[in-house]
Structures are given as C-alpha cells and as structure tokens.
Amino acid sequence: MTQSPAVRTTGPSGPVRLGERAARTLVTELARRNDPKAALLVGATPESAVLAAAVEALLPGDRLTVVPAEGSSAAGLREHVSAQGRWVADRVRVVDTLAEADAAEVVIAAEPQTGTADEARVAVDGLSKYLSDGAVLSVAAPIFRTEGAAAELDRQSVLHGVRTDLVLRNTPPVRVHHLRFTPTSAAVAARLSPAYRPSSVPLTRGMHIDSNGVAAAGITLGLAALAKVTRPKSKLWLLPALAAAPVAAFFRDPERDVPEDPSAVVAAADGQVLSVQRLHDERFGEGEWLRVAVFLSVLDVHVNRSPVAGKVVDYFVADGGFVNAMKPDAEHNVAAYTVLDTEHGTVVVAQRTGLIARRIVQRAPIGALLARGERFGLIRFGSRTDVYLPVDKAEPLVGPGDKVVGGSTVIARWV
C-alpha cells in the first residue's frame, strides 16, 4: 500500500499545531471556488482544525477525499464524518491510503512541514501527483526556522507560488504556501470569490486592520515606551503614543460587498475620480485604453482591490518622482503596474505614489488568480490608483469629481 508522503510535525519547540486561523488559510483555495470541485485533504485526524475548515467550506456539488494522518485510523475518521450528518457524509470520502485518491482541483496538506528540506521536497512531489491541470497545492511550514522544510517551501513558492500567507496568530506562527505547477486559464478567476487574507487583523466583523498597520502602530508605541524610559520626566512620549491610533486607522481594511454582475468593473481603491480619459500606452499593447484615475487622500482606505476577475500575467515598477498625486506631473511618479489577463482582454492597475506615499505593497505574484474586488496590495499614505481598460470593450460610468469605494463602486461595464 502507498502511504501518505512523510510529514514531520514536531519542531524544535515541540509539536506544531494549526489553529482555526491557519486552517482557514490552508483551505482558502477550496472555499473561494464557486463551481463544483474535487478536493483532497491529506494527513487529517478527527480533531484536525483543517478538516473542520474544509468541511465548512464545502458547497453542494463538491467532493472531498480525506487521507488519515500517520497513526490515525481511517475507521475513526469515517465515524467522525458520519457523525456530522448525511449532508457531510454524502460529500466526504475517507480512504485508507493516498493511493486510493483521485486527482483533485485543490490538494491540502493538513499537517505542517517541519522536517528537512529533502523530506519537504519528497512530500510536495508526492502530493503534486494528485493535482489536476491548473490545480493548487496548499501546505504550511512554521517560520521559526530559516532552513530545512521552511526554506524548501520558500524555494518552491518562488518557482510555483500563486500566493503566500503569513499567519502570525498561530502557535507557532506559520507561513502557508499555495503552489500551482501547471498553467490555468484566466476564465477560472470569474468563478472565484475573494481569497481569505490573514494579513488583515479583525477588529469587528466588518472592519480589519492590515498587518502593516499593526506593525506601524507597534513601532510608534515602542518609540513611546523608549522615550518614557530614557526621559521619564518629559512628556515627549505622548507624541508617538497618541500617533499609534491614527497610524493604525490609516491601514484600516473594511469588508466590502462586491457586485455580482459579471459585466461590472469596480473601483480599485477608495477616493475621488481625477480623470476619465482615452489614451495610448504601448507598454500594454496596441490600441487605445480607457483610464480611470482615482486620488486617495490620507483619510481614504488605502487597501487596493482588483477591479476585475483575471490572472496576473505581468508586474513591473516604473521609476519616477514623488509629486502630489493630484497634479498632472504625478503621471511620472514611481508606479507599480499589475497586468491582468481577463475574458475581455488585458486590464492594468497602476499603483502610483504621491507626495507622501513612498511605499507600494503588491501581494499578487505572476500566475495568481484574482477575483473581482479581491485585495491585492496597498499604498502607504496619499497616492493614486489608475485602472486601464480596453476602450472598445468598456463603458465608463463615473466622471471627474465622483467619489468611489474600492471593491464596491462600479466604475465601468463591459460591453
């Protein structure tokens, strides 16, 4: 019998366990696909948070095959699945060994990799054999080591990664890699929901803070503590202490209701429309482009979202200055361009720096699939976001001066 690829789950600080947040991150590719699909979960136990998250993510047309972890019995897993009710039992099949499983669109390693680089390579190679064309393998590794399995998965992610998520709220923290080894069509993106992003820390059900905001607020509080210790009689520590809240608020990341209309093109960011114009830009191809430019003030949400469903096929940064983003000369500011292949042709999102903005964050590597309205990056402080659409396929619905909300406001429609 063929057993599951060997996985070591004990690190130098003891067993590595995946909690609810890490489990939800691991099953993201299963949860975000809205079409009927087959999934494979390898290394599960009845108590596994990953198994619970995978079952919760199932839709009526889905099929989930579960392979027990080493030392766990298939009989015990079947009993656990049966106890969940007929709906779950009809969709979940427990097999004795990996050899009994079929190829799937989503393959998930329920246990984190903590062994050597060779062990991680063997495990990934073994699981990749069960990926159908364009399928994704999701696997986690703790971040407390810079060698061994963690280093090997980092290398695999550079070569084949479509997204890497850092989950700090786990014991210990882990990095979740989503790997694709064969090409996939941009049309698949239209059937996806926005991916769950652990980079946002929830405050309430509808409001999150991006991890950049947590780090920035932590730095200001650290400076306040340092000032208090070094100059205990001074009130100087109040300045960074009082700045922590507004700094964190700048990185707020609210939940948004994305329109379901497949013809809708949504705003890539919150802000005010500066211009809607036709232009030529040979960097993106021949013909005219419809460009919608949006200015983000320091009071706007700076998380950027994909205006359309598509596949990231290129990403490049153009050097330039840091002029006020509302001025025409901002055309020549530093900008990051994310090029998407879509069912309607090429779409480009430009993240432009401004007078204050000096840092662009882009989290969607080449090969990633983005759903419409999905978060893919942010710009720190005042800036501008431009969306380029094929002029003969899109009709603009906004004009200069209009206020837009990223991921929600329809700025154009496909015609």
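Residues numbered from 1 in each chain as written. Predicted model: local features only at pLDDT ≥ 70, side-chain atom pairs only at ≥ 80, totals over all residues. Heavy atoms only, no water.

In the annotation of an unreviewed UniProt entry, the entry for the protein reads Phosphatidylserine decarboxylase, and the organism field reads Micromonospora sp. CCTCC AA 2012012.

Chemist: Outline the pairing of strand β4 (residues 63-68), listing residues and values.
Modeler: Within β4, 5 of the 6 residues are buried, which leaves it mostly tucked inside the rest of the structure. The pairing of strand β3 (residues 38-44) with β4 spans 6 bridges and is parallel. Paired with V42 across the bridge in β4 is V67. Read from β3 through helix α3 (residues 49-57) to β4, the crossover connection turns out right-handed. In this structure, β4 lies alongside strand β5 (residues 92-94), joined through 3 bridges in parallel fashion. Paired with L64 across the strands is V92, a residue of β5. (Buried < 20%, exposed > 50% of the residue type's maximum accessible area, 1.4 Å probe, protein only. Helix = DSSP H or I, 4+ residues; strand = E, 2+ residues; numbered from the N terminus. Pairing = 2+ DSSP bridges. Right-handed = clockwise from strand over helix to strand, strands pointing away.)

Chemist: How would you sum up the nonpolar core? Please name residues and give values.
Modeler: In this structure, L41, V50, L64, V66, V92 and I108 are the most contacted members of the largest nonpolar core, which totals 32 residues. Put simply, the parts of the chain that give this core at least two residues each are α1 (20-26), β3, α3, β4, α4 (74-82), β5, β6 (104-109) and β9 (174-179). No other element matches α3, which puts 6 residues into this core. Other than its neighbours up to four places away in sequence, L41 contacts V50, L51, A54, L64, T65, V66, V67, I108 and A110. Counting 27 residues, the second largest nonpolar core, distinct from the first, contains L290, L296, F376 and V398. (Core = buried A, V, L, I, M, F, W, Y, C linked by side-chain atoms within 4.5 Å. Contact = heavy atoms within 4.5 Å.)

Chemist: I'd like to hear about the layout of surface pockets, residue by residue, with values.
Modeler: In this structure, the largest pocket spans a volume of roughly 750 Å³. R24, A31, P194, A195 and Y196 are the residues nearest the centre of the largest pocket, which is lined by 31 residues in total. When contributions to the lining of the largest pocket are tallied by element, the ones reaching two or more residues are α1, α2 (28-31), α3 and β10 (200-202). Sorting elements by how many residues they give to the lining of the largest pocket places α3 first, with 5 residues. Partitioning the lining of the largest pocket into residue classes produces 13 nonpolar, 6 polar and 12 charged. In terms of lining residues, the second largest pocket is bounded by 19 residues, among which L166, P198, S199, S211 and R363 are the most central. (1 Å grid on protein atoms, 1.4 Å probe; cavity = no way out; pocket = protein on both sides within 12 Å on 5 of 7 lines; lining within 4 Å. Points joined across faces, edges and corners; volume = space filled by probe spheres on them. Nonpolar A, V, L, I, M, F, W, Y, C, P; charged D, E, K, R; others polar.)

Chemist: Account for the environment of P328, naming residues and giving values.
Modeler: Within the secondary structure, P328 sits in the loop between β17 (310-318) and β18 (335-342). On the accessibility criterion, P328 (72% relative accessible area) is exposed. Separated by 87 residues in sequence, P328 and V415 have C-alpha atoms that sit 30 Å apart.

Chemist: How would you sum up the sheet that holds strand β20 (residues 360-362)? Please name residues and give values.
Modeler: One open sheet holds the 3 strands; their spatial order is β16-β22-β20, and the pairing between them is antiparallel. Strand pairing shows two members of the sheet lacking a second neighbour, β16 (303-305) and β20, which therefore form its edges. Between one strand and the next, the sheet's axes are offset by a mean angle of 25°, whatever the strand orientation. Both β16 and strand β22 (residues 375-379) contribute to a ladder of 3 bridges, which runs antiparallel. Of the residues in β22, the one forming a bridge with N304 is G377. (Axes fitted to C-alpha atoms, helices over the stretch in contact; angles between N-to-C directions.)

Chemist: Explain the packing of aromatic side chains residue by residue, including any values.
Modeler: Using the criterion set out here, one finds 6 aromatic pairs in the structure. When the centroid spacing of 6.0 Å and the interplanar angle of 90° are considered together, the rings of F284 and W289 count as edge-to-face. Overall, F284 belongs to the buried group, its relative accessible area being 9%. Note on W289: relative accessible area 5%, which makes it buried. Consider the rings of F284 and F316, whose centres lie 6.4 Å apart with planes at 35°: the pair is tilted. One end of the pair, F284, is in the loop between β14 (271-280) and β15 (288-296); the other, F316, is in strand β17, with 32 residues separating them in the sequence. By way of ring pairs, the aromatic residues F284, W289, F316, Y337 and Y388 are connected into one cluster. (Phe/Tyr/Trp six-rings, centres within 6.5 Å; stacked < 30°, edge-to-face > 60°.)

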